[in-house]
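# Secondary and tertiary structure notes
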Amino acid sequence: MNRQYSPLDVCKHVMSLDESMRFVGRIKDKKVIAFARHPAKKPLLDTELGNLAHYVASVKAEMEEMFDGPLGKTNWMITAKEKVKLITLFLDDGLLIFSIDVHGDHDQIIKKIQSLNMPL
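Bear in mind the structure is a predicted one, so any value in this text is a computation, not a measurement. (Residues numbered from 1 in each chain as written. Predicted model: local features only at pLDDT ≥ 70, side-chain atom pairs only at ≥ 80, totals over all residues. Heavy atoms only, no water.)

## Some points on the packing of aromatic side chains
Cut-off, in case you're wondering: Classification of ring pairs rests on two measures: the distance between centres of Phe, Tyr or Trp rings, Trp counted by its six-membered ring, which must be within 6.5 Å, and the angle between planes, read as stacked under 30 degrees, edge-to-face over 60 and tilted in between. Counting from the N terminus, the helices are DSSP H or I runs at least four residues long and the strands are E runs at least two residues long. Partly exposed describes any residue whose relative accessible area lies between the buried limit of under 20% and the exposed limit of over 50%, with all areas from a 1.4 Å probe on protein chains only and scaled to the type maximum.
Throughout the structure, instances matching the rule amount to 1 aromatic pair. Each ring, one from F23 and one from F35, has its centre 5.8 Å from the other, and the planes form 20°; the classification is stacked. On the criterion of sequence distance, the pair formed by F23 in strand β1 (residues 21-28) and F35 in strand β2 (residues 31-37) is long-range, its members being 12 residues apart. The class of F23 is buried, set by a relative accessible area of 8%. Taking relative accessible area as the criterion, F35 reaches 43% and is therefore assigned partly exposed.

Structure below.
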């Protein structure tokens, strides 16, 4: 029997994969449909800037699709800031966005997420 996972279940599970995780969100049609935050880490953005960051991730993802034909499909992208790394994973039906502490091993975390036995 296949278990159905809600977008919130997915966000919480991804959050639990690594201690450096700060935020995990699921985006469909440019809208955040679920998210989870690390309870012990203070958000770096207020609500307004947080919403804008989610929108910007969607716009960047759309722009990347222009290059899919000649370069191949984008799997993920990262923006490394002084205080945090922002990662976007491209899914068949949207995006999984997450932030990690700057020292976090984004390659290892991405591999863990991609090897999950649950639909994202």
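## Side note on the nonpolar core
The criterion, for reference: Nonpolar cores are built from buried Ala, Val, Leu, Ile, Met, Phe, Trp, Tyr and Cys residues. Side-chain atoms within 4.5 Å join them into one set. For this analysis, residues touch if any pair of their heavy atoms sits within 4.5 Å.
In this structure, V14, M21, V24, L96, F98 and I113 are the most contacted members of the largest nonpolar core, which totals 20 residues. Among the elements of the structure, α1 (7-15), β1, β2, β4 (84-91), β5 (94-101) and α4 (106-114) are those that each provide at least two residues to this core. Excluding anything up to four places from it in sequence, F98 contacts M21, F23, V24, K85, L86, I87, L89, I109, I110 and I113. Among the nonpolar cores identified, the runner-up in size contains 8 residues, and I27, A61, F90 and L95 belong to it.

## Considering the pattern of salt bridges
In plain terms, the rule: Whenever Lys or Arg places a side-chain nitrogen within 4 Å of a carboxyl oxygen from Asp or Glu, that contact is recorded as a salt bridge.
Taken as a whole and assessed by the stated rule, the structure comprises 7 salt bridges. A salt bridge links K28 to D93, with the shortest nitrogen-to-oxygen separation between them at 3.1 Å. Here D93 lies in the loop between β4 and β5 and K28 lies in strand β1, a separation of 65 residues in the sequence. Overall, the relative accessible area of 32% leaves K28 in the partly exposed class. We classify D93 as partly exposed; its relative accessible area is 40%. The network of salt bridges with common partners includes R22, K41 and D101.

## Some thoughts on α1
Our working definition: Arc definition: it is the arc formed by the directions from the helix axis to the C-beta atoms.
All buried positions along α1 are accounted for by V10, C11, V14 and M15. Projected down its long axis, α1 carries its buried residues within an arc of 135°, all on one side. Looking at the buried side of α1, the elements it contacts are β1, β2, β5 and α4.

## Overview of the sheet that holds strand β3 (residues 76-80)
Adjacent strands of a sheet form backbone hydrogen bonds with each other and so pair up, either parallel or antiparallel. Our working definition: Pairs of strands are assigned from DSSP output, requiring at least two bridges between the strands. What counts as an axis is a line fitted to C-alpha atoms, over the stretch in contact for a helix, and the angles between N-to-C directions run from 0 to 180 degrees.
Spatially, 5 strands are ordered β2-β1-β5-β4-β3 in an open sheet, and the strand pairing comes out antiparallel. The sheet terminates laterally at β2 and β3, the two strands that pair on one side only. Across the sheet, the mean angle separating the axes of adjacent strands is 15° when strand polarity is ignored. The pairing of β4 with β5 spans 8 bridges and is antiparallel. By the bridge assignment, L91 is partnered in β5 with G94.

## A few points about the environment of M66
Mapped onto the fold, M66 is located in the loop between α2 (47-65) and α3 (68-71). According to the relative accessible area criterion, M66 is exposed, its value standing at 57%. C-alpha of M66 to C-alpha of V56: the two residues are 10 residues apart in sequence and 16 Å apart in space.

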